[in-house]
Amino acid sequence: DTEVTQTPKHLVMGMTNKKSLKCEQHMGHRAMYWYKQKAKKPPELMFVYSYEKLSINESVPSRFSPECPNSSLLNLHLHALQPEDSALYLCASSQGPHWDGYTFGSGTRLTVV
Amino acid sequence: GESVGLHLPTLSVQEGDNSIINCAYSNSASDYFIWYKQESGKGPQFIIDIRSNMDKRQGQRVTVLLNKTVKHLSLQIAATQPGDSAVYFCAEIGTSGSARQLTFGSGTQLTVLP
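Residues numbered from 1 in each chain as written. Chains lettered and ligands numbered in written order. Predicted model: local features only at pLDDT ≥ 70, side-chain atom pairs only at ≥ 80, totals over all residues. Heavy atoms only, no water.

**Student:** Explanation requested: the sheet that holds strand β8 (residues 86-96) of chain B in the structure shown.
**Tutor:** Working definition: the strands of a sheet are paired by backbone hydrogen bonds and lie parallel or antiparallel to each other. All names here are of chain B. Strand order across the open sheet formed by five strands is β1-β9-β8-β3-β4, with mixed pairing between neighbours. Looking at strand neighbours, the two that pair on one side only are β1 (10-14) and β4 (45-51), the edges of this open sheet. Strand-to-strand, the axes of this sheet are offset by a mean angle of 25 degrees, without reference to chain direction. Here five bridges tie β1 to strand β9 (residues 99-113), and the two strands are oriented parallel to one another. Opposite Ser12, over in β9, you have Thr111 as the bridge partner. (Pairing = 2+ DSSP bridges. Helix = DSSP H or I, 4+ residues; strand = E, 2+ residues; numbered from the N terminus. Axes fitted to C-alpha atoms, helices over the stretch in contact; angles between N-to-C directions.)

Following this line, the structure appears as structure tokens:
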């Protein structure tokens, strides 16, 4: 299995909802990443998990809460989002924090209404 | 304002012609560079990479050139095909703290005309 799988592919949520995005990989990678991509812009790094520990938080608002329950899973919990948070959320993984080969998932298209 | 940057740089080429996509990177300490292709509704897909100790690397129909003096990267696609239509991003990787960090550059929308 050489893929990063993200679910759901599409999500519409209200500003008072709580939802979660899920990312899964079975390549034995020990670093996992969340990126946010707005339309016509490059992906921007949000969080880095290294060996299931949060190693980088790029000043992301607390309404985004990442979680890494085990080495294969990465979640992004969403609460009280704003319409401007609507974007494509991409998950990626690499063998480790010092390795350079990244595999990206297809993303979750999030719309906040 | 918000309207700045909403329009991706675009490149239109005839099918069968060669394409050249350019990118300027920002961090002189970056030592690894990747070109990604992103089709609508999909995540970035690896195309080709190059380490900073090289100035040229070739793949199948693609070539990456690196000019560290002016911090410039280019992607050449030979005999461009309709399936090459996508947004292309360059990315640079360097060490931030104790981890490697990938940063994307601005993208280019490539359209292949029949």
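Next comes the rest of the account.
**Student:** Looking at this model, I keep getting lost on the interface of chain A and chain B. Mind explaining?
**Tutor:** In many reports, interface size means the accessible area that the parts give up when they come together. Listed as interface residues are 19 residues of chain A and, on the opposing side, 23 residues of chain B. On the chain A side of the contact with chain B, Lys40(A), Asp100(A) and Tyr102(A) bury the most area, a combined 32% of that side's loss. The tally of links between chain A and chain B comes to zero salt bridges. At the boundary of chain A and chain B, one finds three residue pairs in polar contact (both at pLDDT 80 or more). Mapped by element, the contributors of at least two residues to the side of chain A that touches chain B are β4 (31-37), β9 (87-94) and β10 (102-104) of chain A. (Contact = heavy atoms within 4.5 Å. Buried area = accessible area lost by both parts, 1.4 Å probe. Salt bridge = Lys/Arg side-chain N within 4 Å of Asp/Glu carboxyl O. Polar contact = N/O pair within 3.5 Å; in protein donor to acceptor, adjacent residues only side chain to side chain.)

**Student:** Whenever I open this one, the pairing of β4(B) confuses me. Can you help?
**Tutor:** Consecutive side chains along a regular strand alternate between the two faces of the sheet. Two strands pair when backbone bridges link them, and strand β3 (residues 32-38) of chain B and β4(B) are joined in this way by six bridges, in the antiparallel orientation. Looking at β4(B), one finds that Phe33(B) is bridged to Ile50(B).

**Student:** What's the story with the pattern of salt bridges in this structure? I'm lost.
**Tutor:** When their charged atoms lie close together, side chains carrying opposite charge are able to pair. Taken as a whole and assessed by the stated rule, the structure comprises eight salt bridges over all chains. A salt bridge links Arg63(A) to Asp85(A); the nearest nitrogen and oxygen atoms lie 2.7 Å apart. Pair noted here: Arg63(A) is in the loop between β6 (53-57) and β7 (64-70) and Asp85(A) is in the loop between β8 (73-79) and β9, with a separation of 22 residues, a long-range link. Taking the shortest distance from any N to any O, the salt bridge between Arg100(B) and Asp31(B) comes out at 2.5 Å. Taken together, the residues Arg100(B) in strand β9 and Asp31(B) in the loop between β2 (19-24) and β3 connect sequence positions 69 residues apart. On the accessibility criterion, Arg100(B) (8% relative accessible area) is buried. What emerges from the salt-bridge pattern is a single network uniting Lys36(A), Arg63(A) and Asp85(A). (Buried < 20%, exposed > 50% of the residue type's maximum accessible area, 1.4 Å probe, protein only.)

**Student:** What exactly am I supposed to notice about the sheet that holds strand β6 (residues 62-67) of chain B here?
**Tutor:** Residues and elements named next belong to chain B. What the four strands build is an open sheet, ordered β2-β7-β6-β5; its pairing is antiparallel. In the strand order of this sheet, the two ends are held by β2 and β5 (56-58), each with one partner. Taken pair by pair, the neighbouring strands of this sheet meet at an average axis angle of 15 degrees, ignoring direction. Sheet analysis places β5 next to β6, joined by three bridges and oriented antiparallel. Counterpart to Arg57 in the pairing with β6 is Val64.

**Student:** Explain the side chain of Thr63(B) to me, please; I cannot follow it from the model alone.
**Tutor:** With respect to the helices, strands and loops of the structure, Thr63(B) is situated in strand β6. The contact partners of Thr63(B), leaving out residues within four places of it in the chain, are Lys56(B), Arg57(B), Gln58(B), Ser74(B), Leu75(B) and Gln76(B).

**Student:** Would you explain the nonpolar core in this entry?
**Tutor:** One broad trend across soluble globular proteins is that nonpolar side chains are buried collectively. Among the nonpolar cores identified, the biggest contains 22 residues, and Trp34(A), Phe64(A), Leu76(A) and Leu78(A) are the most heavily contacted of them. Every element with two or more residues in this core is listed here: β2 (10-13), β3 (18-25), β4, β5 (44-50), β7, β8, β9 and β11 (108-112) of chain A. Within the second largest apolar cluster, 21 residues are counted, among which are Tyr102(A), Tyr32(B), Tyr36(B) and Phe89(B). (Core = buried A, V, L, I, M, F, W, Y, C linked by side-chain atoms within 4.5 Å.)

**Student:** Just to check I follow, could you spell out the state of the cysteines for this structure?
**Tutor:** Any covalent bond linking the sulfur atoms of two cysteines counts as a disulfide. Tallied over the entire structure, the rule returns two disulfides over all chains. Paired by a disulfide, Cys23(A) and Cys91(A) hold their sulfur atoms 1.9 Å apart. Because the torsion about its S-S bond is -70 degrees, the bridge between Cys23(A) and Cys91(A) counts as left-handed. Of this pair, Cys23(A) sits in strand β3 while Cys91(A) sits in strand β9; the two residues are 68 residues apart in sequence, bridging distant segments of the chain. A sulfur-sulfur distance of 1.7 Å marks the disulfide that ties Cys23(B) to Cys90(B). Remark: Cys90(B) occurs in strand β8 and Cys23(B) occurs in strand β2; sequence separation between them is 67 residues. (Disulfide = S-S within 2.5 Å.)

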